[in-house]
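Structure assessment
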Amino acid sequence: MATTDNDLITCLSSIRINDYKLLTERARKFYTAKCNELLKAGELRRSWLQSLLIWADNYDRYWTLRDEVNAEGYTFKVTDKNKDTVIKANPKVRMMQDAQKVAQSILADFGGTTYKSRKLGKEPAPPTSPLDDFFAED
């Protein structure tokens, strides 16, 4: 989807996005901080807001699960049907890793402060003349 100048956001306070209120307080802070970072760089686009919302939700989910795994442990002991003690992986570890992967894949599209699909900073090379090519062959 091509972005246009009217897609560019210049003031975050005038933007309303569905489901923002469903985010936790921490996820809202992540969302607002990333939006402000992109806004400051002059790169925040209206079409990116939903992706940023999903990123913030998954990033918050990662930290919540990380806290729970740190408190509970990465493994736990259970007794099987033979009365043997078996060590099992905490299922929250997998959930934490999945949330991290989703958050990272979304954020990777932004390249830190820019959206990769726009190819920002890539200006076309100026056309060369045959004379330029001749002198460049030295």
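So, here is what we can say about the structure in this document.

Criteria and cut-off values
- Throughout this document, residue positions are counted from 1 along each chain, in the order its sequence is written.
- Given that this is a predicted model, residues contribute local features only at a pLDDT of at least 70 and side-chain atom pairs are listed and counted only at 80 or more, while totals for whole chains, interfaces and linings are drawn from all residues.
- In computing side-chain properties, one takes all heavy atoms of the structure into account and sets aside hydrogens as well as water.
- A run of H or I in DSSP counts as a helix once it spans at least four residues, and a run of E counts as a strand once it spans at least two, with each numbered from the N terminus.
- Think of it in three bands: residues with accessible area under 20% of the maximum for their type are buried, residues over 50% are exposed, and the middle band is partly exposed, with areas taken using a 1.4 Å probe on protein chains only.
- By definition, residues are in contact when any of their heavy atoms lie within 4.5 Å.
- For the accessible areas, the method is Shrake-Rupley and the probe is 1.4 Å, while residue cover comes only from the protein chains on display.
- A fitted line through C-alpha atoms represents every axis, and for helices the fit uses only the stretch in contact; the resulting angles, taken between N-to-C directions, go from 0 to 180 degrees.
- An angle below 35 degrees is treated as roughly parallel, one above 145 as roughly antiparallel, one from 65 to 115 as roughly perpendicular, and anything else as oblique.
- For a crossing to be left-handed, the near helix must be turned anticlockwise from the far one by less than a right angle; the clockwise case is right-handed.

Looking at the overall build of the protein chain
- Secondary structure summary: the protein chain contains four helices and two strands in total.
- Secondary structure elements in the protein chain, listed N-terminal to C-terminal, are α-α-β-β-α-α.
- In the protein chain, buried positions account for 25% of the 138 residues.
- Relative to all contacts within the protein chain whose residues are 6 or more apart in sequence, the contacts with residues 24 or more apart total 62%.
- Accessible surface computed for the protein chain: about 10,000 Å², of which carbon and sulfur atoms make up 53%.

Things to note about the packing of helix 2 (residues 49-72) against helix 3 (residues 91-110)
- Their axes nearest at 8 Å, the elements helix 2 and helix 3 cross at an angle of 150 degrees. Compared by their axis directions, helix 2 and helix 3 come out roughly antiparallel. Crossing handedness for the pair helix 2 and helix 3: left-handed.

Quick word on unusual backbone geometry
- Phi angles above zero are rare outside glycine, and Asp-19 is one such case at about 75 degrees.
- Here Asp-19 lies in the segment before helix 1 (25-40).
- Here Asp-19 falls in the partly exposed class, since its relative accessible area comes to 43%.
- Notably, Lys-83 is not glycine yet its phi reads approximately 70 degrees, a positive angle.
- Structurally, the position occupied by Lys-83 is in the loop between strand 1 (75-79) and strand 2 (85-89).
- With a relative accessible area of 69%, Lys-83 lands in the exposed category.

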